[in-house]
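# Structure assessment
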Amino acid sequence: MTLSHLKDIVRRCQAVQDDNFKPEDYELFQIAGREVVEQGGSAQLLEVIKDEKNKNIVRAMGWSLLGPLVKVLIEKEEESLPHCLAIFTHILEVCSPKELLVGLLEQVEDAHPDSITDTVILLLQPLQKVLLKLGSKKASSVGMALATVLSQVARLPVPYTAAQEDEDAFGLCRCCAALLAFVEPFVQEVRLSLGKGGLQDDELRTELLKFCMKCLKEPLMEANLKEDPDSSQKFPLRRFASEILLILSSIREALPSLLFHHLLKRKEEPGFLEEDVRYPRESLACLAYLLFVEHIGSESFPAVFSPVFVLQCNMEYIDLLLSRKEESRLQKGLDLYEKSLVRLEDNSLPVMLLELKTFLSVPQNLVNVMTLCPIQNLRTRALSVFQLSIDKFDMEAKYKFFRCMLKTSSHAGVEGYVIKNIRNQIDFALKPGNGNPWFLGIHLLPLLRLALSLPQGPETDLLQGLDRIMESLNLLRYLLLRDKESENETGIWTELYRIEDSFMKPLRLGLNMSRAHYEAELKSVRESRKLRAREAKAGGPVCTVTVGGEKLPNMTPEMQLQVLQSALNTFDMIEIVLARIEEITEVKPNV
Amino acid sequence: MLYILLWNIIIRLSSQSVLIPLNNFLCRLNELLKHFEMYGFGTELPMTGDKVFVHYVGTLLDGTKFDSSRDRGEKFSFDLGKGQVIKAWDLGVATMKVGEVCHLICKPEYAYGSAGSPPKIPPHAILVFEVELFEFRGEDITEDEDGGIIRRIITKGEGYTKPNEGATVEVTLEGTFEGCVFDQKDVKFEIGDCESFNLPVGVEKAIMAMEQGEESLFTIAPKYGYGSAGNAKLSVPPSATLQYKIKLTAFEKAKESWEMNTDEKLEQSSIVKEKGTQYFKEGKFKQASVQYKKIVSWLEHESGLQEEDEKRARVLRLAAHLNLAMCYLKLQEQNQALENCNKALELDANNEKAVFRRAEALFAMKEFERARDDFQKVTQLYPNNKAARAQVAVCQRHIKEQHEKDKRLYANMFQKFVERDAKKEAEKGKEEEKGSSKMDIEEDGAEVQIEA
């Protein structure tokens, strides 16, 4: 029935001269064709299509059959598959490339979420064929095709572990491989044209550049691109990354100018539209990662840049990566920072670098990773990279950096860590032959005043600030023991009266207040334990704990007692060190 | 193997100097190394900051080639003396002439040191570069890279900070035209205010690219100089390309927020507020806004203040936002004005000026209904404000007009384009109107002094 219907339409159209088909002809042809395919009549349809008499009709309207055909090809319906494939191939041969392009892209766009991979892999080759037929005017069509395909590919989950990548359950890796095969002839074309002195702002070249930048962002930014140490075989995504970099070099997009663009360009304002598309920051960050951490593409990167300059440029990208929350980005940011730092000699970075905004914002981000990131190993890595960055600064830079961190980090653990670093630097400076002006004498004093202080006076939360307070006390004790009063190289002895006022006195006062408070609390919990009935109420205000915004279940009275007791122990500990310090200072009659 | 030989000789000759400078030595060692090198022509050497173009081949001492621009088929370019490349290059290329080919043999300290540069260069590697210098040229410092201001650095400055808008700079400068000095002076001024000192805008742009202590020669095209008018006072003819030798002796770098304590921030805020007001009175709204912005950046996130300081900080911030709003209104940057009014209202919910200025901003953005609401709010809260009452009426009129216009617009699609033109005309008219209303606001400008 449907077949005869189609034949009717075709017969009618055979009479039409010069392809003057009416819009309704297209529609009728498409509907009838679809029905024939759907009802398994593809063998007969093939006959109709191949019929010499119908040549003009097929050339003009054939593309409208792409939808139903692609459906069959993807679903691999056994009976109709060979015929549909033959029709598909025939249509691709005879129809106008422009219409085919639109038709094919429509199919890509409409792909069912579950069959994105199959659709992309099936259609990339036909798309390439069609685009190549467009000749010299294809640039924007290539761009359109790439954008359409990439936006579909971006919907696929990115494998992160080696096993996932191996399995390639969602087919992302296969898509990437297919994409590379797809762009290959276009890359060659641009390469040849550039070789013959073609223009750098060639449209096709721009489209390929955009493609590379998009791939760097998605999927590569999210992928784990590390080399597999156990096997010489490259992971598919890593291979994809190296191929993308090869494309960049084929189209003569020099890596240095890509990466250092932002430092060398005068224009401060972020580029508008075109620039943004061409050089998205995030893509460049991924590129920097590939080059400096994974050494992909390093063979075409000049080996004459100074490590400081490279660091300076990479700071932009590190900043961007570390300001994010995703593991893949944080990991890349930490790696990039580490690899940029290890190329430098210790104590070599000059203080002037701290004038650059990124040299302050990167540590801030690093502190956030160290203190807030839920992934343990990233927190640990962040801390070690933080220390590495401190080691690379020269004395003056370290000094300025410590001051800055003490003023801005507002996290007791980090402040404690910085204070420990200050102690190490003073220790180093006090060793014979190492004297330096920054960690002794007059310069040191302002830093000491910062380190030896209670941020909120006696009201400081001693438990919260414990890490910092203990390091401050350790530092003070160290100074008093290590630096003889007669020598006073650090200036601590003449500063002591001031520190007494600004640090020790308020600390003692705070200790007394806190102790009284906790003891009272302890007492009340004990009492309330006796009066079981009141326990919940008494437990309420002291012991609700929230972690990551989630309220933890209320503590049992036993736990409450434990916590309160351990708080009191902590106060004891502080007190012991404080007492020890007072002992040392009291021995000296003139203080 | 010649490298090794050469290396030994050089070590002996220069055990005290760390960089092995190369073409000087090579010249001296001419006999031995003749086939390596080619003399350049001309006498001129590249200067610090110049963009230089070279080809190079880098090898390790064992002869392994690790990098070559010739293989890449593209000349390598970089800014000389800026620390972009390894030290050996910054020093070595500075001694080359155009056309010269030489070998730079770099000790690790002057290359990649103990860390090396993975994956290509191992730790502690001595590197040998064959370098050919093709071209060098002064650095173009204009934003559009239109060649309008070219710099040649005589003495490099220090640091990475450059004077920004609003920075106070001290410079020694000498302007010449065709070899004749037309201007020579030591001046101290604030960036953005060059006209008061009879300096062309190019000089200001030049200074903003300079580092502390830097001395440079600038070639400034007429576009950035005195233009087609020239400068009669200095007897600079029309369309003259100028040469300036400028030394940036000092500039006041605004302190980073974290470098200041609360007292300092409060004290500095009062000072820059004065400055801002001064600029405002002189009609220099841009410069004034730079000053007020400093207050916001210093005090906005300052927390944990004593009660009294807190009060002072609030007053300063409120004034800063109100004055910024005024500046932006004058500069016709309505969005910024709006934002500052909102910030001010966060601090003082019913502030008369804040509401009034927000209304003005909205009015200028053609948000007549919202503008009317704000003007009405002013009249309700402050019945004495006659200006607001008048503005309510103006808004009403505009709303009505707009309404009718919309009606007509949708009524007839073909009319649309004609209407649009008409609207444009109307806008022009409105702008003129705005010009006249500016006069009214001038009285308001006096209010900035009250703020001070």
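An unreviewed UniProt entry lists chain B under the name peptidylprolyl isomerase, from Scleropages formosus. Of the comments in the UniProt record for chain B, the one headed Catalytic activity (unreviewed entry) reads "[protein]-peptidylproline (omega=180) = [protein]-peptidylproline (omega=0)".

If you check an unreviewed UniProt entry, chain A appears there as Glomulin, FKBP associated protein b from Scleropages formosus.

### A short note on the overall build of chain A
Check the secondary structure of chain A and you find 27 helices and two strands. Here the C-alpha atoms of chain A give a radius of gyration of 35 Å, more than 25% beyond the 25 Å that 2.2 N^0.38 yields for 591 residues. Dimensions of chain A, computed from the C-alpha atoms along their principal axes, are close to 120 × 75 × 45 Å. Scored against the burial criterion, the 591 residues of chain A give a buried share of 51%. For chain A, contacts bridging at least 24 residues in sequence account for 74% of all contacts bridging at least 6. Working note: accessible area of chain A is about 28,000 Å², and carbon and sulfur atoms make up 52% of it.

### Remarks on empty space enclosed by the protein
Rolled over the atoms, a probe sized like a water molecule indicates the empty space that remains. If you walk through the whole model with that rule in mind, you get three cavities of 30 Å³ or more. Taken as a whole, the largest cavity encloses approximately 150 Å³ of empty space. For the largest cavity, the lining is made up of 15 residues, of which A:F301, A:P302, A:R343, B:S117 and B:P118 are closest to its centre. Each residue belonging to the lining of the largest cavity can be placed in one class, and the counts come to 10 nonpolar, three polar and two charged.

### Considerations on the pattern of salt bridges
All names here are of chain A. Overall, the coordinates contain 51 salt bridges over all chains when judged by the stated rule. Put simply, D335 and R381 hold a salt bridge, and the shortest N to O gap is 2.8 Å. Placement of the pair is D335 in helix α18 (residues 327–342) and R381 in helix α20 (residues 376–392), with a sequence separation of 46 residues. Here R468 ties to E415 by a salt bridge, and the two come within 3.0 Å at their closest N and O atoms. With R468 in helix α24 (residues 466–482) and E415 in helix α22 (residues 412–430), the pair connects residues that are 53 residues apart, well separated along the chain. Residue classification places R468 among the buried residues on the basis of a relative accessible area of 5%. Several salt bridges share partner residues, and in doing so they unite K226, E227, R238, E294, D335, E338 and R381 into one network.

### Some remarks on the environment of A:G457
Residues and elements named next belong to chain A. As for its placement among the helices and strands, G457 is situated in the loop between α23 (441–451) and α24. A relative accessible area of 18% means that G457 is categorised as buried. Taking the C-alpha atoms as reference, G457 lies 5.7 Å from P506; in sequence the two are 49 residues apart.

### Some thoughts on the packing of helix α9 (residues 307–331) of chain B against helix α11 (residues 352–364) of chain B
Residues and elements named next belong to chain B. Orientation of α9 relative to α11, taken along the N-to-C sense of each, is 20 degrees, at an axis distance of 10 Å. Taken together, the axes of α9 and α11 are roughly parallel relative to one another. By crossing handedness, the relation of α9 to α11 is classed as left-handed. Every residue of α11 that contacts α9 at L322, N323, A325, M326 and L329 is listed here: K353, A354, R357, E360 and A361. Looking at side-chain class alone, the contact of α9 with α11 contains six nonpolar, one polar and three charged residues.

### Points about the interface of chain A and chain B
Contacts between chain A and chain B engage 30 residues on the former and 37 residues on the latter. Linking chain A with chain B are zero salt bridges, by the criterion used here. Linking chain A with chain B are 14 residue pairs in polar contact (both at pLDDT 80 or more). Of all the elements in the fold, those that place two or more residues in the side of chain A that touches chain B are α17 (307–322) and α21 (395–408) of chain A. Looking at the side of chain A that touches chain B, the element that brings in the most residues is α21(A), giving four residues. In terms of residue class, the side of chain A that touches chain B is built from 14 nonpolar, six polar and 10 charged.

### Quick word on the sheet that holds strand β9 (residues 180–190) of chain B
Residues and elements named next belong to chain B. Strand order in the open sheet formed by six strands is β6-β7-β10-β11-β8-β9, and the pairing between neighbours is antiparallel. The two strands at the open ends of the sheet, each matched to only one other strand, are β6 (139–140) and β9. Of the strands in this sheet, β7 (149–155), β8 (168–177), β9, β10 (215–220) and β11 (242–252) are in contact with helix α6 (residues 201–208), which crosses β11 at around 50 degrees.

### A closer look at the pairing of β9(B)
All names here are of chain B. With 10 bridges connecting them, β8 and β9 associate as antiparallel partners. The residue bridging E170 from the neighbouring strand is K188, located in β9. With antiparallel pairing between neighbouring strands as the criterion, β8 and β9 make up a hairpin whose turn holds two residues, including E178 at a positive phi of roughly 50 degrees.

### Let's talk about the confidence of the model for chain B
Residue and element names in this part refer to chain B. Looking at chain B as a whole, the pLDDT averages 81, with 79% of positions reaching at least 70. In this model, residues 1–36 is a region of pLDDT below 50 whose contacts with residues beyond four sequence positions or in other chains number 54 contacts. Counted against residues more than four places away or in other chains, residues 432–450, with its pLDDT under 50, gives 20 contacts. Model confidence for the complex: the whole-complex pTM is 0.79, and ipTM, which rates the interface, is 0.83.

### Overview of the packing of aromatic side chains
Applying the stated rule across the entire model yields 29 aromatic pairs over all chains. Relative to B:F285, the ring of B:F280 has its centre 5.1 Å away and its plane inclined at 65 degrees; by these criteria the two rings are edge-to-face. No difference in accessibility class separates B:F280 from B:F285, as the two residues are buried. Ring pairs connect the aromatic residues A:F260, A:F292, A:F301, A:F305, A:F309, B:Y56, B:F66, B:F76, B:F78, B:W89 and B:F129, which therefore count as one cluster. The residue whose ring lies beneath A:K332 is A:Y289, and the NZ or CZ to ring-centre distance is 5.3 Å. Directly above the aromatic system of B:Y110 lies the positively charged group of B:K87, at a separation of 5.5 Å from the ring centroid.

### Brief notes about the UniProt feature "domain: PPIase FKBP-type" (unreviewed entry) in chain B
UniProt marks residues 49–137 and 166–252 of chain B with the feature "domain: PPIase FKBP-type" (unreviewed entry), using the numbering shown here. The annotated region residues 166–252 of chain B carries 9% helix and 44% strand content, and the separation between its end C-alpha atoms amounts to 9 Å.

### Here we look at the side chain of A:S242
By the element assignment, A:S242 lies in helix α13 (residues 236–250). Other than its neighbours up to four places away in sequence, A:S242 contacts A:K234 and A:I296.

### Notes on the state of the cysteines
All names here are of chain A. Scanning the entire structure with this criterion turns up zero disulfides over all chains. Cysteine C176 remains unbridged, with the sulfur of C173 as its closest cysteine sulfur at 6.3 Å. Unpaired in terms of disulfides, C373 finds its nearest cysteine sulfur in C286, a separation of 19 Å. What makes C373 buried here is its relative accessible area of 6%.

### What to know about α13(A)
Residue and element names in this part refer to chain A. Taking 1.5 Å of rise per residue, 15 residues should cover 21 Å, and α13 covers 21 Å from first to last C-alpha, within 8% of that figure. Those residues of α13 not exposed but buried are L237, R238, F240, A241, S242, I244, L245, I247, L248 and S250. Note on α13: the residue one or two positions beyond its end, R252, has a positive phi of about 60 degrees.

### Topic: the nonpolar core
Formed by 224 residues in total, the largest nonpolar core has its most connected members in B:W89 and B:F129. With 13 residues, the top contributor of residues to this core is helix α11 (residues 172–195) of chain A. Once residues lying within four places of it in the same chain are set aside, the contact partners of B:F129 are A:A303, A:V304, B:Y56, B:V57, B:G58, B:F66, B:I86, B:W89, B:C102, B:H103, B:L104 and B:C106. Of all hydrophobic cores here, the second largest spans 44 residues; its members include B:V296, B:W298, B:L316 and B:A344.

### Digging into the environment of A:R529
All names here are of chain A. Relative to the helices and strands, R529 is located in helix α25 (residues 492–530). Here R529 falls in the partly exposed class, since its relative accessible area comes to 31%. Along the chain, R529 and E558 lie 29 residues apart, while their C-alpha atoms are 8.9 Å from each other. With residues near it in sequence (within four places) discarded, R529 still touches P557, E558 and L561.

### Brief notes about the environment of A:L366
Of note, A:L366 is situated in helix α19 (residues 358–372). Once residues within four sequence positions are removed from consideration, A:L366 is found in contact with A:L322, A:L334, A:Y337, A:A382, A:V385 and A:F386.

Cut-offs applied
- Residues numbered from 1 in each chain as written.
- Chains lettered and ligands numbered in written order.
- Predicted model: local features only at pLDDT ≥ 70, side-chain atom pairs only at ≥ 80, totals over all residues.
- Heavy atoms only, no water.
- UniProt positions renumbered as here; feature names shortened; annotations may be inferred.
- Helix = DSSP H or I, 4+ residues; strand = E, 2+ residues; numbered from the N terminus.
- Rg over C-alpha atoms; globule rule 2.2 N^0.38 Å.
- Buried < 20%, exposed > 50% of the residue type's maximum accessible area, 1.4 Å probe, protein only.
- Contact = heavy atoms within 4.5 Å.
- Areas by Shrake-Rupley, 256 points an atom, 1.4 Å probe, with all protein chains shown as cover.
- 1 Å grid on protein atoms, 1.4 Å probe; cavity = no way out; pocket = protein on both sides within 12 Å on 5 of 7 lines; lining within 4 Å.
- Points joined across faces, edges and corners; volume = space filled by probe spheres on them.
- Nonpolar A, V, L, I, M, F, W, Y, C, P; charged D, E, K, R; others polar.
- Salt bridge = Lys/Arg side-chain N within 4 Å of Asp/Glu carboxyl O.
- Axes fitted to C-alpha atoms, helices over the stretch in contact; angles between N-to-C directions.
- Parallel < 35°, antiparallel > 145°, perpendicular 65-115°, else oblique.
- Left-handed = near helix turned anticlockwise from the far one by under 90°.
- Polar contact = N/O pair within 3.5 Å; in protein donor to acceptor, adjacent residues only side chain to side chain.
- Pairing = 2+ DSSP bridges.
- pLDDT = per-residue confidence, 0-100.
- Phe/Tyr/Trp six-rings, centres within 6.5 Å; stacked < 30°, edge-to-face > 60°.
- Lys NZ or Arg CZ within 6 Å of the ring centre and 35° of its normal.
- Disulfide = S-S within 2.5 Å.
- Expected span 1.5 Å × (residues − 1).
- Core = buried A, V, L, I, M, F, W, Y, C linked by side-chain atoms within 4.5 Å.

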